[in-house]
Amino acid sequence: MVSLQICKEFITVSCGRRLRVFSSRESGSHLKKEDLIIHDDGCDADDGISKDDRTSDPNQMQPSGQIICCRFSSSGKYLGCIDDCKILRLWQTTPFKLLSKRSIQKRCTAISFSHSEGEILVADKFGDVYRFSAKEPEQEGELILGHVSMILDLAVTPDDKFIVTCDRDEKIRISSFPNGYNIHGYCLGHTEFVSRCKILLNHPNILVSAGGDDSLRLWDIERCSEISSLHISHESSRLKPGEHHTVTHLCCSSEGYVAVALLGESVVLIYQLQDEPSCQLTEVESLKLDASVLCVTFDPNGFLWVIQGSPAETVQVFRVDCDADIKVKRVDAVSEAWQTAALSSISSDWDSLKGALVVDNPLASLHKRSYDNIKEYLEKKQERVEKEEIRKEKHEARKARQEQRKRMKMEDSGT
């Protein structure tokens, strides 16, 4: 999996066991790079991985140190990263150094920070959310809430009042923070798993969500009510009739734009939030690329960064402006020189990103499976009817032969 994170002074790209961090020097125009290998040779005993954590199933992948998720804190002061060896790493960005390396109990699915930057929030595939202290790097995690199914994403409101979690059972839960056992309410309406939920930067009380049911929904966080819903109408040749798209990436800009990437598709769907006459999303552009989209995100200046699975033009940057003649325009240079240098460096390093093409996305297997039981039942019923008819025919034939033998015996005895 590929992850691209951008804050004001830093850019990170992770794929496999490699994490690359780009930042500006004091002059603001030169590029500074940190190239980190999370695990040189998979997980080992020094990382706190016991033999019980390894699987004996040959069809299941062993933990190898692959990075699952990575996230900056709101100001970029901290960088958190979790791998499949269940290790949470916390870096301080200025100066850049590793503060802590802590074990977590279960495999992680999402990571976030509180806006005060005092807590790291980690969600796992068993439906629990743990809180870790950023200021006390050696402190163990504390369980703050739990779902009955796998949590796929989480977000914290800008005032640190609520934590929003979404799961594979169609639910979005809004809980008090940090007392997550106090449930504020549920946002119900999705008919498939909810893979992504984000809080709009220019509307901190509005949540946008998407998943596996071809819908993009807006919610009022305080009221836990749906504001509007939009159908994702992208036509795909790879989907069979009745199948739905899977939203793998959802990002928002401070200018009210929302970008969506779909599993296995070479397109980025861009929407704009309209306040009048009612709060709703309208489609701006269907941005077509040369290969499937691996990652998409907005930077703080409103530029849209897209990583695609192609060695040619791996990273592309676009400017979205609905007031311009060309609403979505590709740009070769971004706001600052060091960001442009980082763009060039990432694009030229295809070898570190191509591994993402052979890794299955875990969201691909979450769709509900439908079974045509009626067809199977009718086929078996027809088979039973045919066998019964054959049995009756054999019985009648045997009975006729017996009657014939009786008549022949009676005729022989009479003569």
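The structure displayed is predicted, hence computed values, not measured ones.

1. Brief notes about the overall build of the chain
Now for step 1: Regarding its fold elements, the chain presents two helices and 28 strands.
Now for step 2: The C-alpha atoms of the chain give 29 Å as radius of gyration, which overshoots the globular expectation for 415 residues (22 Å, by more than 25%).
Now for step 3: Projected onto the principal axes, the alpha-carbon positions of the chain cover approximately 130 × 55 × 50 Å.
Now for step 4: Evaluated residue by residue, the chain yields a buried proportion of 49% over its 415 residues.
Now for step 5: Restricting to contacts in the chain with at least 6 residues of sequence separation, those with at least 24 account for 44%.
Now for step 6: When the accessible surface of the chain is split by element, carbon and sulfur atoms take 46% of a total near 21,700 Å².

2. Quick look at the pattern of salt bridges
Now for step 1: A complete count under the given rule lists 16 salt bridges for this structure.
Now for step 2: Here Asp 351 makes a salt bridge to Lys 354, at a shortest N to O gap of 3.6 Å.
Now for step 3: Judged by its relative accessible area of 41%, Lys 354 is partly exposed.
Now for step 4: The salt bridge partner of Lys 387 is Glu 383, with a shortest N-O separation of 3.4 Å. Remark: Glu 383 and Lys 387 occur in helix α2 (residues 373-414); sequence separation between them is four residues, near one turn of the helix.
Now for step 5: Taking relative accessible area as the criterion, Lys 387 reaches 54% and is therefore assigned exposed.
Now for step 6: For Glu 383, a relative accessible area of 42% puts it in the partly exposed group.

3. Observations concerning the nonpolar core
Now for step 1: Among the nonpolar cores identified, the biggest contains 23 residues, and Val 2, Leu 4, Ile 11, Trp 305, Ile 307 and Leu 353 are the most heavily contacted of them.
Now for step 2: For this core, the secondary structure elements donating two or more residues are β1 (2-6), β2 (10-15), β25 (293-298), β26 (303-308), β27 (315-320) and α1 (337-347).
Now for step 3: For this core, the element with the highest residue contribution is α1, accounting for four residues.
Now for step 4: Residue contacts for Ile 307: discarding those within four places in its chain leaves Val 2, Leu 4, Ser 292, Val 293, Leu 294, Cys 295, Thr 314, Val 315 and Leu 353.
Now for step 5: The next biggest cluster of nonpolar side chains, apart from the first, holds 19 residues, and it includes Leu 200, Ala 210, Leu 250 and Val 267.

4. Observations regarding the pairing of strand β10 (residues 119-124)
Now for step 1: Counting buried positions along β10 gives five out of six residues, so the element sits mostly inside the fold.
Now for step 2: Summarising the sheet, strand β9 (residues 108-113) and β10 pair through five bridges and their orientation is antiparallel. Counterpart to Ala 110 in the pairing with β10 is Ala 123.
Now for step 3: Linking β9 to β10, which pair antiparallel, is a turn of five residues; within it Glu 117 sits at a positive phi near 65°.

5. Considerations on the environment of Ile 151
Now for step 1: Summarising the element assignment, Ile 151 is placed in strand β13 (residues 151-156).
Now for step 2: With 71 residues separating them in the primary sequence, Ile 151 and Glu 222 have C-alpha atoms 21 Å apart.
Now for step 3: When neighbours within four sequence positions are excluded, Ile 151 is seen to be in contact with Thr 109, Ala 123, Asp 124, Gly 127, Asp 128, Val 129, Leu 145, Thr 165, Cys 166 and Asp 167.

6. A short note on a positive patch on the surface
Now for step 1: Together, Arg 398, Arg 401, Arg 405 and Lys 409 line one region of the surface with positive charge.
Now for step 2: The exposure class of Lys 409 is exposed, given its relative accessible area of 63%.

7. A word on the packing of aromatic side chains
Now for step 1: Evaluation of the coordinates by the stated rule reveals three aromatic pairs.
Now for step 2: Ring geometry for Tyr 78 against Phe 113: centres 6.5 Å apart, planes inclined by 10°, an arrangement best described as stacked. Linking Tyr 78 in strand β6 (residues 78-83) with Phe 113 in strand β9, this pair joins segments that are 35 residues apart in sequence.
Now for step 3: Exposure remark for Phe 113: the relative accessible area of 5% places this residue in the buried category.
Now for step 4: Ring plane angle 20° and centroid distance 6.2 Å describe the contact between Trp 91 and Phe 96, whose orientation is recorded as stacked.
Now for step 5: You can call Trp 91 buried: its relative accessible area is 6%.
Now for step 6: Overall, Phe 96 belongs to the buried group, its relative accessible area being 19%.

8. What to know about the sheet that holds β6
Now for step 1: Taken together, the four strands give an open sheet; going across it, the order is β5-β6-β7-β8, and neighbouring strands pair in antiparallel fashion. Lying at the two open borders of the sheet, with one neighbouring strand each, are β5 (67-72) and β8 (96-103). Averaged over all adjacent pairs, the angle separating strand axes in this sheet is 15°, with direction ignored.
Now for step 2: Bridge analysis of β6 against strand β7 (residues 87-93) gives five bridges, and the strand direction is antiparallel. Residue Tyr 78 lies in a different strand from β7, and its bridge partner there is Gln 92.

9. Examining the sheet that holds strand β11 (residues 128-133)
Now for step 1: Spatially, β9-β10-β11-β12 is the arrangement adopted by the four strands of the open sheet, whose pairing is antiparallel. Edge strands, defined here as strands with exactly one partner in the open sheet, are β9 and β12 (142-146). In this sheet, neighbouring strand axes are inclined to one another by 25° on average, regardless of whether the strands run parallel or antiparallel.
Now for step 2: As defined by bridge partners, β11 adjoins β12 across four bridges and the pair is classed as antiparallel. When the sheet's bridge partners are listed, Arg 131 is paired in β12 with Glu 142.

The rules behind these values
- Just so you know, the residues in each chain are numbered from 1, in the order the chain's sequence is written.
- Restriction of local features to residues with pLDDT of at least 70 applies here, the model being predicted, together with a cutoff of 80 or more for giving and counting side-chain atom pairs; totals for whole chains, interfaces and linings are based on all residues.
- The basis for every side-chain value is the complete set of non-hydrogen atoms in the structure, without hydrogens or water.
- Counting from the N terminus, the helices are the DSSP runs of H or I reaching at least four residues and the strands are the DSSP runs of E reaching at least two.
- We compute the radius of gyration over the C-alpha atoms and compare it with the globule rule, which gives 2.2 Å times the number of residues raised to the power 0.38.
- Relative accessibility thresholds used throughout: buried, under 20% of the residue-type maximum; exposed, over 50%; partly exposed, between the two (1.4 Å probe, protein chains only).
- Any pair of residues with heavy atoms lying within 4.5 Å of one another is described as a contacting pair.
- Working definition of accessibility: Shrake-Rupley area with a 1.4 Å probe, residue cover restricted to the visible protein chains.
- A side-chain nitrogen of Lys or Arg and a carboxyl oxygen of Asp or Glu constitute a salt bridge if their distance falls within 4 Å.
- By convention a nonpolar core is built from buried Ala, Val, Leu, Ile, Met, Phe, Trp, Tyr and Cys residues, the set being connected through side-chain atoms within 4.5 Å.
- DSSP-based pairing: two strands are paired if at least 2 bridges between them are found.
- Patch definition: residues with relative accessible area over 30% and no salt bridge; like charges joined within 9 Å; nonpolar side chains (Val, Leu, Ile, Met, Phe, Trp, Tyr) joined within 5 Å.
- Positive residues here are Lys and Arg, negative ones are Asp and Glu, while His and the chain termini are left out of the count.
- Working definition for charges: the position is that of NZ of Lys, CZ of Arg, CG of Asp or CD of Glu.
- Two aromatic rings, drawn from Phe, Tyr or Trp (for Trp, its six-membered ring), form a pair once their centres lie within 6.5 Å of each other, and the interplanar angle then sorts them: stacked below 30 degrees, edge-to-face above 60, tilted otherwise.
- Helix axes use the C-alpha atoms of the stretch in contact, all axes being lines fitted to C-alpha atoms, and the angles between their N-to-C directions lie in the range 0 to 180 degrees.

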